[in-house]
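Listed below are the residues making up each chain.
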Amino acid sequence: MTDLDTFRAETRAWLEANCPPEMREPIRTDKDACWGGRNPDFQPGQKEWMDAMASRGWTVPDWPVAYGGGGLSPAETKVLREEMAAMKCRNPLNSFGISMLGPALLKYGTEEQKLDYLTKIAKGQIRWCQGYSEPNAGSDLASLATSAEDAGDHYVINGQKVWTSYADKADWIFCLVRTDKTTKQGGISFVLFDMASPGVSTKPILLISGYSPFCETFMDNVKVPKSQRVHDENKGWDVAKYLLGHEREMISGMGLASSGGNPLIEGAIATIGLDHDGRLADPLLRASIASFEVRANAFGSMSERFIDELKAGRAHPAQPSMMKYYGTELNKSRHELMMAAGGSNLLEWESESSRGGAEARAWLRTKANSIEGGTSEVQLNIIAKRILELPA
Amino acid sequence: MPLFLDDDQTALQDTIRDFVGEHAPVKHMRALRDANDATGFSRDLWKSFAEMGFTGILIGEAEGGLGLGHVEAGVVLEEIGRNLSPSPFLTTAVAAVATLKGTAHAARWFPGILAGDTVAALAIDEGAKHRDSVGLTAERSGNGFKLTGKKQFVTHGHVADLLIVAARTAGSADDAAGITLFAIPKDLANLTATPERLADSSIAARLDFDGVEIDADAVIGDVDGGRSPLDRLLRAGRTGASAELLGVGGGAMDMTVGYLKQRKQFGTMIGSFQALQHRAAHLYSEMEVARAAVIKAQQLLDANSDTADTAVSVAKAMTAMATTLSVQEGVQMHGGIGMTDEYNIGFYMKRARVLAEMFGDANFHADRVARAAGY
Ligand SMILES: Cc1cc2nc3c(=O)[nH]c(=O)nc-3n(C[C@H](O)[C@H](O)[C@H](O)COP(=O)(O)OP(=O)(O)OC[C@H]3O[C@@H](n4cnc5c(N)ncnc54)[C@H](O)[C@@H]3O)c2cc1C
Ligand SMILES: Cc1cc2nc3c(=O)[nH]c(=O)nc-3n(C[C@H](O)[C@H](O)[C@H](O)COP(=O)(O)OP(=O)(O)OC[C@H]3O[C@@H](n4cnc5c(N)ncnc54)[C@H](O)[C@@H]3O)c2cc1C
């Protein structure tokens, strides 16, 4: 047995012993995802699972042990993910800290910042939100106007953010602010602050899905110590872009089928049935699903290839844009097909049988996939310029 | 195993890229076409492939080959695709070798393949579309069999030294069982091969078996047990055709992106128009995803995995779709010159169409993916 085989066997045994049965059920609603934080809303099994994984550093398996990570190699991390998928284990901790802020701190944070923030992220103690977009700074993010006045050892922040996902549930925010009004990208700084700071307020926004997962966030003379700035003053755009790369990777994961079965195919068979040859009884829908599944399947391999290349330092730096573009467009197609397969059953918005319109709401939610984290059009611009090197 | 080429495979890629780029670039194919060459490929080139060891890429080292796998064979095929090089490599060094490997036929046929003397052709398809059914019959006759029926789309079938033929020894055309696979030599009585030039100027034969007598030792594996070697042939052929499609699509995309940086209209490079940039970026994404599907299938095939079969169908369908997009966008973005014979982009379109049909088109494979998933 190679070391990796040994690691696989031990990992499987440990997961078998430590992953509660509830945590092997497919994720059905937003509440099934565990977000941790100061005011957690745990379902049975979530805390045990999160804590067990955090005790081994496996909420962030490839981060250094010193910052609460598992210190695993890329190959070991892949084995862990494969074993978790095989056992249908849920992700123990969903977190913008893990998928977005963490990688940026690992690259740009001071040692003090890493020791403090990363460890808390790994343990699920602090829930983060992202303060990038503003009413007049969407795709053109660098035109942001929220200002940070220099007040000696701290900044005084004034302005408004919008579309801040989970701002009302988050403990801290990573936020882009303007520290120099004379230049565009070169006048932005990246700061972290507690959402409980005086002067911070949030107002939820109702979405077409009927949920309010995001907010307007207002900053009114909020004091932020300069020690909470990541990287140099006016160098925040580098951090912001680096973080966006990781955000895009995370969002691209939406293109993958969930680990627990294939709801599209199962749903279609349940409503439409199979003909005497074992084929879905609606041939045109079947053809659409089959073409979709070819792409989805191929994209599954693409995700694996992308992670392998990334870990080996071989991925093009703009490749996350391709992943984000393809994965989100695919996810929108998947939900269109799910709605088509479910017919009028899935149009019910409140009924018990539709679990409160869960599928219809999820379908509407996916429409944001190609907007959040940079729109599809913006990703195509990036691919054209940075990968294909087409002229401006 | 990571889903990218390792150092040895990358080194092989460099070698093969230089070799094919130098000896068989697109103008080599154009020259054969212009000369109305009756073979459809260069036997000299096949000889040099053998001298480089490439014809033995899948043959074990003990038997004198390179002992490599489908990932490496795909590296060769991608360059063949990129350069539109006419070559019996796919049918001979990949599909035929994968079929005969480990059987009694290896000793007879591999030396000629290693030497670059033997060319193989695959007599599988009977109708205009690739299907699972086999209708050509093989009846017991004397010490052997008598073959009766027709095959078509048999690439290199008019010049092949070795023909692999799928025939029916029991049951009826659509039955999964009752198939027998044969390895037969050329120049048999009552076998007529009619060469037909295809749109891409390659040559495929229509074969007419009018009671062709063959020896019993031509059977590959077991009588009535041909499904298993036939599946081996198809998996290798489909994976190889996917890799070649990747080369065709990638080559067309590179030409097109290059052209966008060169052609000026409205006082600026056409590559600065966002309408074209977005289409090029979308195309790039499809080709990247197709590349991942291909290496996945190759690795699973090399590992003898149970899931290889579906991965192979995903790769064939995905590369057919992505490459079809690539050649269509290619011709369109070249404007008027894309329609001219003088310009190479049209050759890519023709080759993509032929490869997309080979061993089952995107619809055929999407159907297989669906059936494997139970719907
Ligand atoms: C569900 C959801 C969650 C979000 N969560 C967060 C969050 O937590 N934190 C945060 O900071 N932000 C968040 N966002 C905001 C998101 O990042 C922005 O919506 C996004 O960047 C687009 O900006 P915009 O909405 O202002 O659209 P606009 O920039 O006004 O774009 C409108 C349209 O024009 C197109 N367009 C714009 N520029 C170009 C161009 N150069 N070329 C071609 N087309 C162009 C766009 O693609 C789009 O189709 C979230 C958004 C959604 C929908
Ligand atoms: C079969 C055939 C018959 C023809 N017959 C005639 C004829 O009888 N008489 C005649 O005068 N002409 C004829 N033409 C020429 C034809 O009108 C031109 O080919 C056509 O106008 C395109 O010009 P082009 O070939 O220079 O391509 P280009 O203008 O170089 O275009 C190249 C690519 O760039 C794109 N592009 C260009 N500008 C833009 C832009 N601003 N925004 C976005 N995309 C852009 C184009 O859509 C195209 O995809 C014929 C062409 C063909 C192929």
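Residues numbered from 1 in each chain as written. Chains lettered and ligands numbered in written order. Predicted model: local features only at pLDDT ≥ 70, side-chain atom pairs only at ≥ 80, totals over all residues. Heavy atoms only, no water.

### What about the pairing of strand S7 (residues 214-225) of chain A?
Residues and elements named next belong to chain A. Condition: Each pair of strands is called paired provided DSSP finds at least two bridges between the two strands. Strands here are runs of E lasting at least two residues and helices are runs of H or I lasting at least four, both read from the DSSP assignment and numbered beginning at the N terminus.
Alignment of strand S3 (residues 154-165) against S7, held across nine bridges, turns out to be antiparallel. Note on S7: the bridge partner recorded for valine 156 is lysine 223. Sheet topology places strand S6 (residues 200-205) next to S7; six bridges connect them, and they run antiparallel. Counterpart to serine 201 in the pairing with S7 is phenylalanine 218.

### Let's talk about the pattern of salt bridges
The criterion, for reference: When a carboxyl oxygen of Asp or Glu lies within 4 Å of a side-chain nitrogen of Lys or Arg, that pair is called a salt bridge. The rule is simple: take the accessible area with a 1.4 Å probe, protein chains only, and divide by the maximum for that residue type; under 20% is buried, over 50% is exposed, in between is partly exposed.
One pass over the structure, following the stated rule, counts 50 salt bridges over all chains. Arg291(B) is paired through a salt bridge with Glu78(B); the nearest N and O atoms lie 2.8 Å apart. Pair noted here: Arg291(B) is in helix H8 (residues 274-302) and Glu78(B) is in helix H4 (residues 70-82), with a separation of 213 residues, a long-range link. The exposure class of Glu78(B) is buried, given its relative accessible area of 7%. Through salt bridges with shared partners, one network takes in Asp277(A), Arg279(A), Arg286(A), Asp367(B) and Arg371(B).

### Looking at the site of ligand 1
Filter applied, for reference: Near, as used in this document, describes a residue that has one of its heavy atoms within 4 Å of the molecule or strand being considered. Polar contact is defined as a pair of N or O atoms within 3.5 Å, subject to the rule that within protein one atom must be able to donate a hydrogen and the other to accept it, and that residues adjacent in sequence are counted only when both atoms are side-chain atoms. Using the Shrake-Rupley algorithm and a 1.4 Å probe, accessible areas are obtained, with residue cover drawn only from the displayed protein chains. Just so you know the grouping, Ala, Val, Leu, Ile, Met, Phe, Trp, Tyr, Cys and Pro go in nonpolar, Asp, Glu, Lys and Arg go in charged, and all remaining residues, Gly too, go in polar.
Looking at ligand 1, there are 18 residues lining it, with Ser133(A), Ser139(A), Trp163(A), Thr375(A) and Glu377(A) nearest. Mapping the residues adjacent to ligand 1 onto the chains of the assembly identifies chains A and B. In the model, a nitrogen atom of ligand 1 is placed 2.9 Å from a nitrogen or oxygen of the Trp163(A) main chain. One nitrogen or oxygen atom from the side chain of Thr375(A) is found 2.6 Å from an oxygen atom belonging to ligand 1. Protein burial of ligand 1: of its 970 Å² of free accessible surface, 68% is covered by the chains. A total of three residues in the shell around ligand 1 trace back to one element, the largest contributor, which is S3(A). Split by residue class, the shell around ligand 1 holds five nonpolar, ten polar and three charged.

### Describing the domain arrangement of chain B
Residue and element names in this part refer to chain B. The line we're drawing: Where each domain starts and ends comes from a domain assignment, either automatic or drawn from a database. The contact definition used throughout considers only heavy atoms, calling two residues in contact when any of these lie within 4.5 Å. Summed over both partners, the accessible area (1.4 Å probe) lost when two parts come together is defined as the buried area.
Looking at the assigned domains, one finds that chain B contains domain 1 (7-119), domain 2 (123-224) and domain 3 (228-372). Inter-centroid distance (C-alpha atoms) of domain 2 to domain 3 is 30 Å. Opposite the 17 residues of domain 2 that make contact, domain 3 presents 15 residues. Taken over both partners, the interface formed by domain 2 and domain 3 buries close to 1300 Å², and the fraction arising from carbon and sulfur atoms is 69%. It is His130, Phe153 and Asp200 in domain 2 that bury the most area against domain 3; as a group they hold 41% of the surface buried on that side. Where domain 2 meets domain 3, there are three salt bridges. Close ionic contact of lysine 129 with aspartate 361 constitutes a salt bridge, the shortest N to O distance being 2.7 Å. Where domain 2 packs against domain 3, one counts four residue pairs in polar contact (both at pLDDT 80 or more). The set of elements that each furnish at least two residues to the side of domain 2 that touches domain 3 consists of strand S3 (144-155), strand S4 (162-168) and strand S5 (179-185). Partitioning the side of domain 2 that touches domain 3 into residue classes produces ten nonpolar, three polar and four charged.

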